[in-house]
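Overview (structure and organization)
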Amino acid sequence: MEQPVTVAIIEDHPVVTEGVASWIRSDPDQRVRLVHTARDLTGLRAVPRPAADVIILDLELSGELVTAQIPGLVAAGYRVVAFSGHSDPVIVIETLDNGAHAYVSKEEGRDHLVEAVLAAAADRPYVTRSQARAMLTDQRSARPALSQQEQQALLLWFQGMSKASVGRRMSISENTVRQYINRARAKYAATGRTAPSKDALLARAIEDGVIRAGEIMPYKSFAAPAADRPCLDAPGQ
Amino acid sequence: MTPVQPTVQPTVQPTAMMSGRYQRAFTIAVVFLVAGWHLAGAGGQLLHNRPAYGSFAFQGAMWLVMALAIAAGSVLVLRGTPGWCPAWTVAVVALAASTAAAAASPAGQMLAVNWSWGSAGWTGVLVLLRRRFSELAWFLAAEALAILGVQVRDGLNRTDLAGFLAVLAWSTGAQAAVAAGVKALDAAAGQAATAARNEHAARERAATTEIIRAARHARWLALQESAVPLVAELAAGTADPGDAQVRSRSAVQAARLRRLLAESDEVPGSLVHELHASADVAERRGVAVEIETAGLLPQVPAPARRVITDAAIAILSAARSRARITLAVVTSGIAVSFVADTGAVVRLPAAGAGVAIEQQQDRGMLWAEARWNSR
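Residues numbered from 1 in each chain as written. Chains lettered and ligands numbered in written order. Predicted model: local features only at pLDDT ≥ 70, side-chain atom pairs only at ≥ 80, totals over all residues.

**Quick notes on the overall build of chain A**
Operational definition: Secondary structure is summarised from DSSP: a helix means a run of H or I of at least four residues, a strand means a run of E of at least two, and numbering begins at the N terminus for each. C-beta atoms are placed from the backbone for every residue, and two residues are taken to be in contact when these atoms lie within 7 Å.
From N to C terminus, chain A includes nine helices and seven strands. In chain A, the share of contacts with a sequence separation of at least 24, taken over all contacts with a separation of at least 6, comes to 66%.

**Comments concerning the overall build of chain B**
Defined as follows: Exposure in this text rests on C-beta crowding, where 20 or more other C-beta atoms within 10 Å of a residue's own make it buried, 12 or fewer make it exposed, and counts in between make it partly exposed. The C-beta atoms are placed from the backbone.
A count of helical and extended segments in chain B gives 11 helices and five strands. Scored against the burial criterion, the 375 residues of chain B give a buried share of 30%. A fraction of 71% describes how many contacts in chain B between residues 6 or more apart in sequence connect residues 24 or more apart.

**Structural notes on the sheet that holds strand S3 (residues 333–340) of chain B**
Note the cut-off: DSSP-based pairing: two strands are paired if at least 2 bridges between them are found. Helix axes use the C-alpha atoms of the stretch in contact, all axes being lines fitted to C-alpha atoms, and the angles between their N-to-C directions lie in the range 0 to 180 degrees.
In spatial order, the strands read S1-S2-S3-S5-S4 (chain B); together these five strands make up an open sheet with mixed pairing. Because the sheet does not close on itself, it has two edges, and the strands there are strand S1 (288–294) and strand S4 (355–362) of chain B. Averaged over all pairs of adjacent strands, the angle between their axes in this sheet comes to 15°, without regard to strand direction. Of the pairings in the sheet, the one linking strand S2 (residues 322–330) of chain B to S3 of chain B comprises eight bridges and is antiparallel in character. Bridged to Leu 327 of chain B within S3 of chain B is Val 336 of chain B. Packed on one face of the sheet, helix H7 (residues 163–170) of chain A meets S4 and strand S5 (365–373) of chain B and runs near 125° to S4 of chain B. Sheet contacts for helix H10 (residues 270–284) of chain B: S1 and S2 of chain B; angle to S1 of chain B, the most-contacted strand, approximately 165°.

**Concerning the packing of helix H6 (residues 148–159) of chain A against helix H8 (residues 174–189) of chain A**
All names here are of chain A. Note the threshold: Convention used here: angles under 35 degrees read as roughly parallel, angles over 145 as roughly antiparallel, angles from 65 to 115 as roughly perpendicular, and any remaining angle as oblique. Classification used: nonpolar for Ala, Val, Leu, Ile, Met, Phe, Trp, Tyr, Cys and Pro, charged for Asp, Glu, Lys and Arg, polar for all others including Gly.
Between H6 and H8, whose axes approach to 9 Å, the crossing angle comes to 100°. Judged on the interaxial angle alone, H8 and H6 are roughly perpendicular. Residues Gln 149, Glu 150, Ala 153, Leu 154 and Trp 157 of H6 form the contact with H8, whose own contacting residues are Val 177, Tyr 180, Ile 181, Arg 183 and Ala 184. When grouped by side-chain class, the residues that make up the contact of H6 with H8 number seven nonpolar, one polar and two charged.

**Things to note about the sheet that holds strand S2 (residues 32–38) of chain A**
Residues and elements named next belong to chain A. The five strands lie next to each other as S2-S1-S3-S6-S7, forming an open sheet whose pairing is parallel. A single partner strand is all that each edge strand has here, and the edge strands are S2 and strand S7 (102–105). For this sheet, the mean inter-axis angle between neighbouring strands, taken without regard to orientation, is 25°. Bridge count for strand S1 (residues 5–10) against strand S3 (residues 54–58) is four bridges, and the pairing is parallel.

**So, the packing of helix H6 (residues 133–154) of chain B against helix H7 (residues 158–225) of chain B**
A pair of packed helices is characterised by two quantities: the angle between their axes and the separation of those axes. All names here are of chain B. Our working definition: Crossing chirality is assigned from the near helix's rotation relative to the far helix, an anticlockwise turn below a right angle marking it left-handed and a clockwise turn marking it right-handed.
At a closest axis distance of 11 Å, the pairing of H6 and H7 adopts a crossing angle of 165°. It follows from the interaxial angle that H6 and H7 lie roughly antiparallel. Here H6 and H7 pass one another in a crossing that is right-handed. Contact with H6, carried on its side by Phe 133, Leu 136, Leu 140, Ala 144, Leu 148 and Gln 151, involves Asp 160, Phe 164, Leu 168, Thr 172, Gln 175, Ala 176, Ala 179 and Lys 183 of H7 and no other residues of that element. Here the residues of the contact of H6 with H7 are counted per class, giving nine nonpolar, three polar and two charged.

**Side note on the environment of Val 289 of chain B**
All names here are of chain B. Its location among the elements puts Val 289 in strand S1. Taking C-alpha positions, Val 289 is 9.9 Å from Val 339, a pair spaced 50 residues apart along the chain. In this structure, Val 289 is in contact with Ala 279, Ala 282, Glu 283, Leu 316, Ala 323 and Ile 325, ignoring residues within four places of it in sequence.

**Examining the interface of chain A and chain B**
Counting residues at the interface gives 11 residues for chain A and 12 residues for chain B. Every element with two or more residues in the side of chain A that touches chain B is listed here: helix H5 (129–137), H6 and H7 of chain A. Looking at the side of chain A that touches chain B, its residues break down into four nonpolar, four polar and three charged.

**Observations concerning helix H5 (residues 116–128) of chain B**
The line we're drawing: Helix span, expected: 1.5 Å multiplied by one less than the number of residues in the helix.
With 13 residues, H5 of chain B extends 18 Å between its outermost C-alpha atoms, agreeing within 8% with the 18 Å of an ideal straight helix rising 1.5 Å per residue. Buried residues dominate H5 of chain B, accounting for 13 of its 13 residues.

**With respect to the confidence of the model for chain A**
For clarity, the cut-off: Per-residue confidence from the predictor is given as pLDDT, running between 0 and 100.
Averaged over every residue, the pLDDT of chain A is 85; residues scoring 70 or more account for 90%. Contacts for the low-pLDDT stretch residues 219–237 of chain A, under 50 throughout, to residues beyond four places or in other chains number 26 contacts.

**Looking at the nonpolar core**
The line we're drawing: Only buried Ala, Val, Leu, Ile, Met, Phe, Trp, Tyr and Cys residues enter a nonpolar core, and they are joined through C-beta atoms within 7 Å.
Ile 56, Val 81 and Val 117 of chain A together with Ile 315 of chain B are the most contacted members of the largest nonpolar core, which has 105 residues in total. Here this core gets nine residues from one element, more than from any other, and that element is helix H11 (residues 302–318) of chain B. Among all residues touching Val 117 of chain A, those that are not within four sequence positions of it are Val 5, Val 7, Val 32, Val 54, Ile 56 and Val 81 of chain A.

**Concerning unusual backbone geometry**
With a phi angle near 50°, Gln 30 of chain A is a residue other than glycine that sits in the positive phi range. In this fold, Gln 30 of chain A is placed in the loop between helix H1 (14–25) and S2. Using a count of 11 C-beta atoms within 10 Å as the deciding quantity, one classes Gln 30 of chain A as exposed. Positive phi is not limited to glycine here, since Arg 363 of chain B has a value of about 45°. Its 9 C-beta neighbours within 10 Å are what place Arg 363 of chain B among the exposed residues.

**Remarks on the pairing of S2 of chain A**
All names here are of chain A. We count it as follows: By definition, the crossover connecting two strands over a helix is right-handed if that path, from the first strand to the second, turns clockwise as seen with the strands pointing away from the viewer.
As paired elements, S1 and S2 share six bridges and run parallel to each other. Each residue of the ladder has a partner; that of Val 5, found in S2, is Val 32. Crossover S1 to S2 through H1 is right-handed.

**Description of the pairing of S5 of chain B**
All names here are of chain B. Across eight bridges, S3 lies against S5 in antiparallel orientation. Among the inter-strand pairings, Ala 335 is bridged to a residue of S5, identified as Arg 371. Summarising the sheet, S4 and S5 pair through eight bridges and their orientation is antiparallel. The residue bridging Gln 360 from the neighbouring strand is Trp 367, located in S5. Hairpin connection between S4 and S5: a loop of two residues separates the two successive antiparallel strands, and Arg 363 in this loop has a positive phi of roughly 45°.

Encoded structure:
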């Protein structure tokens, strides 16, 4: 059996930490091992840093939004899965842009958190329904251009269908549905600010055949400054 | 069933405008009066007495200054009620020109050849007309005192004083009377406007009452078709509350009643509000209902909302334990979708009012989407 993925929970409400820990314990294959819990980020700045593959990060710690701390965590080599009660699409997009692998709302936790952690550890995309909603409603000039099929798959996924049902609805296989949704996510990794986690996700997506390097075309807006163009050739080399 | 739509006439113009129009007419009349007086009255007197003045050129110059003051004052009052500073600037210029003209008249003949007293007084009336009456009174008093001062300087005998009082009574009296008259007409126009406004408000109230009455009637008719027969059957004992089908019908009717109440609420995002109301009964049954929106939803017209909430009620009544409702903005409209564990296909209400409905059943889970197209 593979080594379990190590995870740290940063959450200021002990009852939530306890709940997340119980979801991790109840995974039948014990694929995730909890190694660290804390109520704030100070412990992660200590030397030597706690070893964890993935951090489950509550976006609001002691009343303060910590999305701006994500780039620092990502630069230190952690993969971040945001776990938050905030479902405002603007915050979700900002979280992804700052380099978080996935966004899981507190309502989605039970069904998605462990899977999102596993996907993050493997640098694979994971799109929750709240994340799909944020991507569907993204109005920024620098948003990536999504194909019609990608948008349709995201919409049906957001609506609450299983991926198999989405496939039947769109007359495609469940795998193709995953491919569309993951490709949309990969396009997000190619836009906005640069982060090692985004590069890794993109490289893995290209390796897995989710997306081809040539398909990564950001939405071009006259309003977007030239410096915003993502670096297209860096990952995968 | 067509709800009665009473027509609301775009009644009368705004009443303030109406009252303002009368006031403007009075103002124009005063402008003509003052300008006419200065041209014909004062100008005629100036020319008639031409040989009597020490310097006709100076008198002519003062007449022109007065004419300019009247022109400036006319522009001011035609633009609205002038402020304190511009009104009194014009008034003081007129007073100064009048006093200078009087002082330059030959001694002993001042009252006989004076053309300026009347013009100055009328200029004061023109610019101070719509300000406090006391301001005009102060101005007319100052004007009379200035003329009296000139007269005293030249020597005041009994005949001069009698002449002064006669001119004062005639000129100032006429000016005060015109000012008072315009004030009275202004007040009357204001009253007429208020009456018209009240009438307009009463008519709007009546129209609103009619709209509310029509909406109530429509709701009553809707209940006649749906809830009332069920209640009658339950009361008569022909419907058994123990029967699952009767319970399901009751749930649907209860949800419809909730929606009827929600429809009359004035809230932004009416569709979301009505969906919440429609979900209320299912939630009481223990069904976990999630409602989520994506994007800034457009306003959906009432008939289309009716079709969408009807579908919601049908699906939620069939849901066993959970249902998810999402509202997403799509090209030129809105997609309202339902995912619920209904176990079987649900008979959905007919599409219409610009709403298309689709559904798909997958291993006990129902997905349905009602798409409203704004075009």
